[in-house]
Amino acid sequence: MLARLNVWKLGHLGFAEPALRTHQGALAVPVSAEAQLRRSVLACMLWEDQFYEDGVSIADRVAALVPRVEAEKVAALAVEAREQMKLRHAPLLLVREMARYATHRGVVAETLARVIQRADELAEFLAIYWKDGRQPLSAQVKKGLAAAFCRFDAYALAKYDREGVVKLRDVLFLTHAKPLTAEQALTWRQLINGELPSPETWEVRLSRGEQKREVWESLLIENRLGALALLRNLRNMQAAGVEPVLVRYALETIRVERVLPFRFIAAARHAPQWESWIEEAMFLSLHGQSRLAGRTVLLVDVSGSMDARLSGRPQMLRMDAAAGLAVLLREVAEEVDIYTFSDRLRFVPARRGFALRDAMVQSQPHGGTYLGKALEELEELSEPYDRLIVITDEQSHDRVSAPHGRGYVVNVASYRNGVGYGDWTHIVGWSEAVIEYIRSYEQLDS
């Protein structure tokens, strides 16, 4: 089989083209333009460099793929990226690219209004729209921005009314949005005139010179901190001497709908004294979910490329994205065996929570990506399983065979080519929605 695959193929122009390969040299599986777009978007921090590819190249690939995929499918992908994978900028890029083409413009307004869920995304979309030069807004873009603008109250607009290339008042002028109520009309006049009441955010209060402990404690008592702000500032709260009982209560009542699993891991890394509370907050995303029946084998990539940063924030690694998913999958699996792979296959005790993350990270040196060899060894060691779930960036050195039974490859990177197709069920992303996808897939397949 390898001899027949390892050949150059004749391209669409009649020239010989090399077989697709991963960045580590394994033969990759050709996929459709839609599948390429999914793998480029659903684990993408827009314009952030990854281990093997720079962020600009990934964004350019997304732009090139949009016109090759049906408009309704691109729109659905943008909504999925925002609502299930909890990404902010990649969905905006998809809609911006849709606006370029007559074949795709018809669904732009509806999609844009849906994916903009924070007031600052109004201006961020226009910054993306004008990245290569200022140009008129299409009617569909104006309609979508206007619809989204009407959803934000005075607090949200004041919170994100920042200096930048594009300001919120610019969006309002360009879209000619119509206020829905007299109160909203007043709010918009205040925005235009720079007279919106200053929002009592933690940034504003600390900039006024208020005592840090008093600021944090009052915000916690009044439940005025969003989930991400809470997680990102735990270390600051600890340094300010905030009463731990307030932190614990905040973590017990946190809204996890828009928090990706790896953000809990990053928070625990910087506030280890509250790790057990952060861990329990992370598990809230699984509330009410049924178990994955039978025996599950988790195979987690700990190769060197998984140590690369997810974004400009140095505390977030691709390994964290993989570990976050593994921690949650271990919780919902009825029976589970856990292994890591890099140069070798290593069995990991099925610990819970962040202890499992530590065990996976420390299981072996982070070297090459020998997924094919790991699968061969796993079949020799492992008893029959109901599902095999591989969490990886897919950049294997060696050829990857089909699973012996039901197999999933969860891709947590945005690289051009991958190995987890064909006989594998391929999933892209790093939110807990991956778990629900597996559960739903198996229910439909049963």
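Here is what the cut-offs are and how they apply
- Residues numbered from 1 in each chain as written.
- Predicted model: local features only at pLDDT ≥ 70, side-chain atom pairs only at ≥ 80, totals over all residues.
- Heavy atoms only, no water.
- Axes fitted to C-alpha atoms, helices over the stretch in contact; angles between N-to-C directions.
- Helix = DSSP H or I, 4+ residues; strand = E, 2+ residues; numbered from the N terminus.
- Parallel < 35°, antiparallel > 145°, perpendicular 65-115°, else oblique.
- Contact = heavy atoms within 4.5 Å.
- Nonpolar A, V, L, I, M, F, W, Y, C, P; charged D, E, K, R; others polar.
- Expected span 1.5 Å × (residues − 1).
- Buried < 20%, exposed > 50% of the residue type's maximum accessible area, 1.4 Å probe, protein only.
- pLDDT = per-residue confidence, 0-100.
- Pairing = 2+ DSSP bridges.
- Salt bridge = Lys/Arg side-chain N within 4 Å of Asp/Glu carboxyl O.
- Phe/Tyr/Trp six-rings, centres within 6.5 Å; stacked < 30°, edge-to-face > 60°.

Trainee: Can you walk me through the packing of helix 4 (residues 71-83) against helix 6 (residues 108-115) in this structure?
Mentor: The relative placement of two packed helices is expressed as an angle between their axes plus a distance between the axes. Close contact between helix 4 and helix 6 brings their axes to 9 Å; oriented N to C, the two are set at 5 degrees. Compared by their axis directions, helix 4 and helix 6 come out roughly parallel. In this structure, helix 4 uses Ala75, Ala78, Val79, Arg82 and Glu83 to contact helix 6, whose residues at the interface are Thr111, Arg114 and Val115. Of the residues belonging to the contact of helix 4 with helix 6, the class tally is four nonpolar, one polar and three charged.

Trainee: When you look at the environment of Ala402 in this model, what are you seeing that I'm missing?
Mentor: Within the secondary structure, Ala402 is located in the loop between strand 6 (387-392) and strand 7 (407-411). For the pair Ala402 and Leu371, spaced 31 residues apart in sequence, the C-alpha to C-alpha distance is 11 Å. Setting aside residues up to four positions removed in sequence, Ala402 forms contacts with Asp423 and Trp424.

Trainee: Even after reading the chapter, I still don't get helix 19 (residues 318-332), so can you show me in this structure?
Mentor: Counting along an α-helix, one turn takes 3.6 residues, and residues three or four places apart therefore face a common direction. Across its 15 residues, helix 19 extends 22 Å between first and last C-alpha, which sits within 8% of the 21 Å expected from 1.5 Å per residue. Of all 15 residues in helix 19, 15 are buried; the element is thus mostly enclosed.

Trainee: Is there a simple way to explain the confidence of the model for the protein in this structure?
Mentor: If pLDDT is low for a region, its predicted coordinates should not be looked at in detail. Per-residue pLDDT for the protein has a mean of 91; in total, 95% of the residues score no lower than 70. Scored below 50 in pLDDT, residues 1-17 shows 19 contacts in the model against residues more than four places distant or in partner chains.

Trainee: Can you help me understand the pairing of strand 8 (residues 425-428) in this one?
Mentor: Within a regular beta strand, the side chains point alternately toward one face of the sheet and then the other, so they alternate between its two faces. Neither face of strand 8 is open: one carries Thr425 and Ile427, the other His426 and Val428, and all of them are buried. Here four bridges tie strand 7 to strand 8, and the two strands are oriented parallel to one another. Opposite Val409, over in strand 8, you have His426 as the bridge partner.

Trainee: I keep staring at helix 7 (residues 120-129) and nothing clicks. Help me out?
Mentor: Of all ten residues in helix 7, eight are buried, a share of seventy percent or more. Taken together, the buried positions of helix 7 are occupied by Asp120, Glu121, Leu122, Ala123, Phe125, Leu126, Ile128 and Tyr129. Where helix 7 is buried, its residues touch helix 4, helix 5 (89-98), helix 6, helix 8 (139-149) and helix 10 (168-175).

Trainee: Can you walk me through the sheet that holds strand 3 (residues 292-301) in this structure?
Mentor: Backbone-to-backbone hydrogen bonds join strands into a sheet, with any given pair of strands oriented parallel or antiparallel. Ordered in space as 5-4-3-6-7-8, the six strands form an open sheet in which the pairing is mixed. Unpaired on one side and paired on the other, strand 5 (345-348) and strand 8 mark the two borders of the sheet. Ignoring strand direction, the axes of neighbouring strands in this sheet form an average angle of 25 degrees. Running at roughly 140 degrees to strand 3, helix 21 (residues 371-381) makes contact with strand 3, strand 4 (333-341), strand 5 and strand 6 of the sheet.

Trainee: Sorry if this is basic, but what is going on with the pattern of salt bridges here?
Mentor: Summed over all chains, the structure comprises 29 salt bridges. The residue Glu97 makes a salt bridge to Arg100 at a minimum N-O spacing of 2.8 Å. Look at Glu97 and you get buried, because its relative accessible area is 7%. Here Glu442 and Arg387 are joined by a salt bridge, their closest N and O atoms 2.8 Å apart. Of this pair, Glu442 sits in helix 22 (residues 433-445) while Arg387 is found in strand 6, placing the two residues 55 residues apart along the sequence.

Trainee: In this structure, what is going on with the packing of aromatic side chains? I would like to understand it.
Mentor: According to the stated counting rule, one finds ten aromatic pairs in the structure shown. With a centroid separation of 5.4 Å and an interplanar angle of 85 degrees, the aromatic rings of Phe149 and Trp188 are classed as edge-to-face. Pair noted here: Phe149 is in helix 8 and Trp188 is in helix 11 (residues 182-193), with a separation of 39 residues, a long-range link. An identical accessibility class is assigned to Phe149 and Trp188; each is buried. Ring geometry for Trp274 against Trp277: centres 6.3 Å apart, planes inclined by 15 degrees, an arrangement best described as stacked. With relative accessibility at 5%, the residue Trp274 sits in the buried group.

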